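Listed below, chain by chain, are the residues.
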Amino acid sequence: MSSPGAQCSLFYYRAYKELNPGEEITCDYGCVYFRHTKGDRHKTLASNFYFQCSCEACLGDWPILQDLAESDPVFRCPNCSSGVEIARESVSAIISCSNCKIENDFTSENQQLKELDRICMNAIKKAVSGYIEEALTILEKELTLLRKILIPPSVEIIKCQIM
């Protein structure tokens, strides 16, 4: 697959989830949602690629990474899928969901987030050492977990995506 003005003509894409027949596959066209505001992305895409983006980040008008970095992660309630914000420094994370009112223990999920940097660095070391498939498998597994337990936008999801 090639993009207008691209320096190379071959791209590899890897799905982070199971794809259904007929499901739309999208790519970022280089103006990454976590570095550029929605307005800047739309201007670039309209002038260079002639379309209006309707990705999840644009529809939700997600903040850029710089602004997002100061916010706490929002965990997905296992009962109703609503968001439950938990402070990064929390050791115990037993919280009632404001939507379904059910108390949930997010302690292990919060601990997994704290391990993310170590896991990603391990994947980078494998990639640099030539073990690309192993590195991608590690990152894929981590991204799948993050998308299951967190509600985007999320610093942790972005970190894993850009590795």
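For the structure, check the block above.
All values reported here derive from a predicted model rather than from experimental measurement.

1. Some details on unusual backbone geometry
Okay, so step 1: The amide bond that connects Pro-152 to the next residue, Pro-153, takes the cis arrangement and shows omega of 0°.
Okay, so step 2: If you trace the backbone, Pro-153 turns up in the loop between helix 5 (132-149) and helix 6 (155-162).
Okay, so step 3: Located in the positive-phi region is Tyr-50, a residue other than glycine, with phi close to 60°.
Okay, so step 4: Checked against the element boundaries, Tyr-50 lands in the loop between helix 1 (38-49) and helix 2 (56-59).

2. Concerning the packing of aromatic side chains
Okay, so step 1: A full pass over the atoms with the stated rule returns one aromatic pair.
Okay, so step 2: With 5.5 Å between their ring centres and 40° between their planes, Phe-75 and Phe-106 make a pair best called tilted. Within this pair, whereas Phe-75 is found in strand 1 (residues 74-76), its partner Phe-106 is found in the loop between strand 4 (103-105) and helix 4 (107-128), the two being separated by 31 residues in sequence.
Okay, so step 3: Since its relative accessible area comes to 0%, Phe-75 is described here as buried.

3. Things to note about the nonpolar core
Within soluble globular proteins, side chains that are nonpolar tend to cluster in buried spots.
Okay, so step 1: Counting residues in hydrophobic clusters, the biggest one holds 19 residues, and the most contacted among them are Phe-75, Val-84, Ile-86, Phe-106, Leu-113, Leu-146 and Leu-150.
Okay, so step 2: Looking at this core, the elements with two or more residues in it are helix 4, helix 5 and helix 6.
Okay, so step 3: Tallying contributions element by element places helix 5 first for this core, with five residues.
Okay, so step 4: Setting aside residues up to four positions removed in sequence, Leu-146 forms contacts with Leu-113, Leu-116, Glu-156, Ile-157 and Cys-160.
Okay, so step 5: Grouped together as the second largest cluster of nonpolar side chains are eight residues, Val-32, Trp-62, Leu-68 and Ile-158 included.

4. Examining the environment of Asp-61
Okay, so step 1: Residue position: Asp-61 is located in the loop between helix 2 and helix 3 (65-68).
Okay, so step 2: For Asp-61, a relative accessible area of 47% translates into the label partly exposed.
Okay, so step 3: Separated by 22 residues in sequence, Asp-61 and Gly-39 place their C-alpha atoms 9.2 Å apart.

5. Describing the packing of helix 5 against helix 6
Okay, so step 1: As a packed pair, helix 5 and helix 6 sit with axes 10 Å apart at the nearest point and diverge in direction by 160°. Considered as vectors, helix 5 and helix 6 are oriented roughly antiparallel to each other. Helix 6 is crossed by helix 5, and the crossing has left-handed handedness. In this structure, helix 5 contributes Leu-139, Glu-142, Leu-143, Leu-146 and Arg-147 to the contact, and helix 6 contributes Glu-156, Ile-157, Cys-160 and Gln-161.
Okay, so step 2: Tallied by class, residues from the contact of helix 5 with helix 6 come to five nonpolar, one polar and three charged.

6. A few points about the pattern of salt bridges
Okay, so step 1: Using the criterion set out here, one finds two salt bridges in the structure.
Okay, so step 2: Put simply, Glu-115 and Arg-118 hold a salt bridge, and the shortest N to O gap is 2.8 Å. One end of the pair, Glu-115, and the other, Arg-118, are both in helix 4, three residues apart, so they sit about a helical turn from each other.
Okay, so step 3: Between Lys-126 and Glu-134 there is a salt bridge; the shortest N-O distance is 3.2 Å.
Okay, so step 4: Judged by relative accessible area, Lys-126 falls into the partly exposed class, the value being 24%.

Reading the values: the criteria
Residues numbered from 1 in each chain as written. Predicted model: local features only at pLDDT ≥ 70, side-chain atom pairs only at ≥ 80, totals over all residues. Heavy atoms only, no water. Helix = DSSP H or I, 4+ residues; strand = E, 2+ residues; numbered from the N terminus. Phe/Tyr/Trp six-rings, centres within 6.5 Å; stacked < 30°, edge-to-face > 60°. Buried < 20%, exposed > 50% of the residue type's maximum accessible area, 1.4 Å probe, protein only. Core = buried A, V, L, I, M, F, W, Y, C linked by side-chain atoms within 4.5 Å. Contact = heavy atoms within 4.5 Å. Axes fitted to C-alpha atoms, helices over the stretch in contact; angles between N-to-C directions. Parallel < 35°, antiparallel > 145°, perpendicular 65-115°, else oblique. Left-handed = near helix turned anticlockwise from the far one by under 90°. Nonpolar A, V, L, I, M, F, W, Y, C, P; charged D, E, K, R; others polar. Salt bridge = Lys/Arg side-chain N within 4 Å of Asp/Glu carboxyl O.

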